[in-house]
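Residues per chain are reported as follows:
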Amino acid sequence: MWGDGMQTRSFCYVDDAVEGLYRVMASDYKEPLNVGTSAVCSHCFILTLLMPAPSPSPPPPKYPLLSFSSLS
């Protein structure tokens with residue numbers, strides 16, 4: 001991640017973006033226009049959704065671990 005993670009992005013469904021672009025192209029509107037949503041979220045927020053919460057410690061193995069020397 002570049003920067004401090006406070007950069008924001010807005011997300012929308014592809015179908016909604018395509019429909020919005022289609023409607024703008026079919027209209028007489030000639031000014032710049034952003035097709036999307038006004039809801040924004042920061043990169044840090046997205047990262048908290050994607051990363052699992054850390055566990056205090058891994059659970060102990062149910063069976064003793066085997067080494068290659070014990071298999072011969």
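Here, the structure is the one placed above.
What you are looking at is a predicted structure, and each value in this text was computed from that prediction instead of being measured. (Residues numbered from 1 in each chain as written. Predicted model: local features only at pLDDT ≥ 70, side-chain atom pairs only at ≥ 80, totals over all residues. Heavy atoms only, no water.)

Novice: Would you explain the side chain of Ser42 in this entry?
Specialist: Along the chain, Ser42 turns up in strand S2 (residues 41-42). A polar contact of 3.1 Å, which involves the side chain of Ser42, links it to the backbone nitrogen of Phe45. Setting aside its immediate chain neighbours within four residues, Ser42 contacts Gly5, Met6, Gln7 and Thr8. (Helix = DSSP H or I, 4+ residues; strand = E, 2+ residues; numbered from the N terminus. Polar contact = N/O pair within 3.5 Å; in protein donor to acceptor, adjacent residues only side chain to side chain. Contact = heavy atoms within 4.5 Å.)

Novice: It is not clear to me how the pattern of salt bridges should be interpreted in this structure. Could you clarify?
Specialist: Any two side chains of opposite charge can pair, so long as their charged atoms come close to each other. Evaluated as defined, the whole model comprises 1 salt bridge. Across the pair Glu19 and Arg23 runs a salt bridge whose closest N-O atoms are separated by 2.6 Å. Separated by 4 residues within a single helix, Glu19 and Arg23 lie in helix H1 (residues 14-26), roughly one turn from each other. Glu19 gets classed as partly exposed once you look at its relative accessible area, which sits at 39%. The class of Arg23 is exposed, set by a relative accessible area of 57%. (Salt bridge = Lys/Arg side-chain N within 4 Å of Asp/Glu carboxyl O. Buried < 20%, exposed > 50% of the residue type's maximum accessible area, 1.4 Å probe, protein only.)

Novice: Just to check I follow, could you spell out the environment of Tyr13 for this structure?
Specialist: When you line up the elements, Tyr13 lands in the loop between strand S1 (8-9) and H1. With 23 residues separating them in the primary sequence, Tyr13 and Gly36 have C-alpha atoms 8.7 Å apart.

In short, shape yes, function no, at least from these values alone.
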